[in-house]
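# Observations on the model geometry
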Amino acid sequence: MIFAANFKMHHTRAGTAEYLKELDTLLAQAEFPFKTLVFPPATALQPSTDWITVGAQNAYPAEQGAYTGEIGLSQLEEFGIDTILIGHSERRNILGESQEFLAEKFAFYQERGFQIVYCVGEPLEVRQQGDEAVAEHLWEQFVGIDLDYERLIVAYEPVWAIGTGRAAKVEEIASTHAELRRRIARPILYGGSVKPTNIREIAAIADVDGVLVGSASLEVRSFFAMMEAVAPPQV
Ligand code: PGA
């Protein structure tokens, strides 16, 4: 099971360092059989810890260059970062990243051997049209993406469930993950209002290999509580 925390534009450099230290200590004690990823804002990037892989929420598909406001491969390498989030709906919809550009980013970081958490998700109006429309929408978001890449992790995040407190229903998650599983052998995460109160039912769904958590990951105790809730009993 994979637990990924997406801080978005939350936490400072100091706050992130404190968070990672506390979480790392908790994870060292707990020894959960989970993979833990944390995506802080770019200003708060730091090397991964013993128990936590630190990844970038975004980076430009270039080593360095004239791309005002962006960071690229050399800025990530300074911290030993080799994990990146690509295709989040906020970058697609608010920052206007096209499928073509996302595919370019994906190819660039794939070529450099990065672990890539690639996000897809449908808006509410598509969900309301039913499973077939959802499937069609999601597969369009994979155009130009190498589904066989061995360091690929897919995250299914329905746009209407992100930050709304209203996660998708178990049946919706189950049917969508089953659809994605037809062509994706790599881990598939669910994201969208995952929290301590619904983690158990979500983690129990077939083909859910982990979760990508925003709001409920911002406090260490809340993120850790989700892991505790699904951790196998100690022997
Ligand atoms: P949320 O965000 O957990 O706050 O819904 C999830 C995400 O956008 O990755």
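Provided above is the structure to which this section pertains.
Each chain carries its own residue numbering, running from 1 in the direction its sequence is written. Where local features are concerned, this predicted model is filtered to residues with pLDDT of at least 70; where side-chain atom pairs are given and counted, the filter is 80 or more; whole-chain, interface and lining totals use all residues. In computing side-chain properties, one takes all heavy atoms of the structure into account and sets aside hydrogens as well as water.

Each Phe, Tyr or Trp ring (for Trp, its six-membered ring) is paired with any other whose centre lies within 6.5 Å, and the angle between the two planes then decides the class: stacked below 30 degrees, edge-to-face above 60, tilted in between. In this structure the tally under the stated criterion is 14 aromatic pairs. Measuring from ring centre to ring centre gives 5.3 Å for F32 and F34, while their planes differ by 40 degrees; the resulting arrangement is tilted. Like F34, F32 is buried. Relative to Y67, the ring of Y60 lies with its centre 4.0 Å away and its plane at 25 degrees, an arrangement referred to as stacked. In this scheme, the term charge over a ring applies when either NZ of a lysine or CZ of an arginine sits within 6 Å of the ring centre and within 35 degrees of the ring normal. Lying over the aromatic face of F108, R112 brings its terminal NZ or CZ to 3.7 Å of the ring centre. The ring of W139 has R183 lying over it, and the distance from NZ or CZ to the ring centre is 4.1 Å. A 1.4 Å probe rolled over the protein chains alone gives each residue an accessible area, and that area as a share of the maximum for its type sets the label: buried under 20%, exposed over 50%, partly exposed in between.

Only the stretch in contact is used when a helix axis is fitted, and all axes are lines through C-alpha atoms; the angle between N-to-C directions ranges over 0 to 180 degrees. Helix numbers and strand numbers start at the N terminus; a helix is a DSSP run of H or I with at least 4 residues, a strand a run of E with at least 2. Contact pair helix 1 (residues 13-30) / helix 9 (residues 220-230): the axes reach a minimum separation of 10 Å and the direction vectors enclose 25 degrees. Here helix 9 runs roughly parallel to helix 1, going by the angle between their axes. Crossing of helix 1 against helix 9: the hand is right-handed. In contact with Y19, E22, L23, L26, L27 and A30 of helix 1, helix 9 contributes V220, R221, F223, F224 and M227. For the contact of helix 1 with helix 9, the per-class residue count stands at 9 nonpolar, no polar and 2 charged. Orientation categories follow fixed angle ranges, with anything under 35 degrees roughly parallel, anything over 145 roughly antiparallel, 65 to 115 roughly perpendicular, and all other angles oblique. Crossings are assigned a handedness: left-handed for a near helix turned anticlockwise from the far helix by less than a right angle, right-handed for a clockwise turn. The contact rule is simple, with two residues in contact once any of their heavy atoms fall within 4.5 Å. Under this grouping Gly is polar, as are all residues other than the nonpolar Ala, Val, Leu, Ile, Met, Phe, Trp, Tyr, Cys and Pro and the charged Asp, Glu, Lys and Arg.

It is worth spelling out unusual backbone geometry at this point. Here K8, not a glycine, exhibits a phi torsion of approximately 55 degrees, which is positive. Turning to its location among the elements, K8 is positioned in the loop between strand 1 (2-6) and helix 1. With a phi close to 70 degrees, D207 is a non-glycine residue in the positive phi region. Along the chain, D207 turns up in the loop between helix 8 (199-203) and strand 8 (210-213).

Attention shifts here to the site of the ligand. Neighbouring residues are identified by heavy atoms, a residue being near a molecule or strand if any of them is within 4 Å of it. Near the ligand you find 13 residues, and of these K8, H88, E157, G163 and S215 are the closest. In protein, a polar contact means a hydrogen-donor-capable atom and an acceptor-capable atom, both N or O and within 3.5 Å, with residues adjacent in sequence counting only if both atoms are side-chain atoms; elsewhere, any N or O pair within 3.5 Å suffices. In this structure, K8 approaches the ligand through a side-chain N or O atom, which is 2.7 Å from an oxygen atom. Between G163 and the ligand, the recorded distance is 2.6 Å, taken from a backbone N or O atom to an oxygen atom. Working definition of accessibility: Shrake-Rupley area with a 1.4 Å probe, residue cover restricted to the visible protein chains. Here the ligand has 280 Å² of accessible area as a free molecule, and 98% of this is covered by the chains.

Burial of the side chains of strand 7 (residues 188-191) extends over both faces: I188 and Y190 are buried on one face and L189 and G191 on the other. Relative to strand 7, strand 6 (residues 152-156) is paired through 3 bridges, and the arrangement is parallel. Bridge pairing in strand 7 places Y156 opposite Y190. Direction of pairing for strand 7 relative to strand 8: parallel, over a ladder of 3 bridges. Each residue of the ladder has a partner; that of Y190, found in strand 8, is V211. A pair of strands counts as paired when DSSP detects no fewer than two bridges linking them.

Moving on: the packing of helix 6 (residues 131-140) against helix 7 (residues 170-181). Close contact between helix 6 and helix 7 brings their axes to 11 Å; oriented N to C, the two are set at 45 degrees. The orientation of helix 6 with respect to helix 7, classified from their angle, is oblique. The handedness of the crossing between helix 6 and helix 7 is right-handed. On the side of helix 6, the interface is formed by D131, V134, A135, L138 and W139, while helix 7 contributes S175, T176, E179 and L180.

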